[in-house]
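# Analysis of the macromolecular model
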Amino acid sequence: FGDLDTPPCGPGDLTVEPDQAGGSPDTLRIGVANDRTADVAPGLFQVNYDASVAFADWCNERGGIGGLPIEVVDLDARVFDVEAAMTTACAEVFAMVGGGFAQDNLEFSGKDGSDFHGCGMIDLPGFVVSAEKGDSNGQVQAVPNPGTTVANTWLRDYHEQFPETTESVTVWGELPSLEVVKNKYEAAVADVDGMDDPGDQTYPAVGATDWLPYANKLIDSGATSMTWVGDVAFLKGFLLAARQPGWGGRGVSETNIYDQQLLSAGATAEGVVARVAVHPLEEADQWPAIDQYLEMVDSSVPDGIVGPMGVQSLSAWLL
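This text gives an overview of the structure that appears in the document.

### Quick word on helix α1 (residues 46–61)
The terminal C-alpha atoms of α1, which comprises 16 residues, lie 23 Å apart, in line with the 22 Å expected from a rise of 1.5 Å per residue. By the criterion of burial, α1 is predominantly enclosed, with 13 of the 16 residues buried. Positive backbone phi, at 115°, marks Gly-63, one or two positions downstream of α1.

### Things to note about the pairing of strand β5 (residues 168–173)
Within β5, 6 of the 6 residues are buried, leaving the element largely enclosed by the surrounding structure. Of the two faces of β5, the one holding Ser-168, Thr-170 and Trp-172 and the one holding Val-169, Val-171 and Gly-173 are both buried throughout. As paired elements, β5 and strand β7 (residues 225–229) share 5 bridges and run parallel to each other. Note on β7: the bridge partner recorded for Val-171 is Trp-228. Relative to strand β6 (residues 201–203), β5 runs parallel, the two sharing 3 bridges. Across the sheet, the residue bridging to Trp-172 is Thr-202, located in β6. One crossover worth recording links β5 to the parallel β6 by way of helix α5 (residues 176–190), and it is right-handed.

### Thoughts on the packing of α1 against helix α10 (residues 308–318)
Following both chains from N to C, one finds α1 and α10 inclined at 40°, their axes separated by 8 Å at the closest point. Of the possible angle classes, the one that applies to α1 and α10 is oblique. Seen from above, α1 lies across α10 with right-handed handedness. Only Met-309, Gly-310, Ser-313, Leu-314, Trp-317 and Leu-318 of α10 make contact with α1, whose side of the interface consists of Val-47, Asn-48, Ala-51, Ser-52 and Phe-55. Here the residues of the contact of α1 with α10 are counted per class, giving 7 nonpolar, 4 polar and no charged.

Cut-offs applied
Residues numbered from 1 in each chain as written. Predicted model: local features only at pLDDT ≥ 70, side-chain atom pairs only at ≥ 80, totals over all residues. Heavy atoms only, no water. Helix = DSSP H or I, 4+ residues; strand = E, 2+ residues; numbered from the N terminus. Expected span 1.5 Å × (residues − 1). Buried < 20%, exposed > 50% of the residue type's maximum accessible area, 1.4 Å probe, protein only. Pairing = 2+ DSSP bridges. Right-handed = clockwise from strand over helix to strand, strands pointing away. Axes fitted to C-alpha atoms, helices over the stretch in contact; angles between N-to-C directions. Parallel < 35°, antiparallel > 145°, perpendicular 65-115°, else oblique. Left-handed = near helix turned anticlockwise from the far one by under 90°. Contact = heavy atoms within 4.5 Å. Nonpolar A, V, L, I, M, F, W, Y, C, P; charged D, E, K, R; others polar.

Following this line, the structure appears as structure tokens:
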């Protein structure tokens, strides 16, 4: 794969213990957490699911994992049905790989048959959100995101390149799992010389039908920058509302906003910065693994979504 000399998939004689196999000792049933059919945010983490399907197809063509074919099990929680998705995971899959839930704190229900630890689940997530998930055991993160520490180097670089970003409001969707992300942003901004956070601002976790009141609140704060916590579709709506009255500030957020929904917004998205840990997809010709990722998704999921979140998912699968 990519420039690896030894491929991660191939023939063999591995089996799965029956009580860990979801009834399929000759198949590696892997659950992919996502929220892709959520009414509040259609397509949420679809990019992770598509990358997972593409990798499973690619791997199975080469013999699977030690001869075990991968079967992807869709753990779609639709944002608010994490317990139901975890019930499926506990009963039917060997492991969870490549995905994630917006409310991943709800994986720990404390109930028999749906609690991550209670059913002995293991996870190699494509991403984590909450402190509960980020600092839990039973998992290995390909792209670590601990719940109790935060890097600030990237925000220092952001401010150094754009020195006008002196006042940065943290705008976040009101979910318990997102509050820790908001807290991280506030701590990071406070630790950057020349940047201040004049106070956070919330918006409904289910999104808003009219973003103008929320945008006006940002404008009234006098902020020249915002740190955004939430879905890219909501960010697009927020920016459209903020640009209309003439807000010319910048926004900075996580990997998930590097998405075609925002890239297609044209001038509305100008000045927004995404924090990513992988090579840009536009430079795929320079990076064999990125190029192969794009080819895999195109082959297996012709209408699939690609993005850095998908590369993180692929990293979890390779791990």
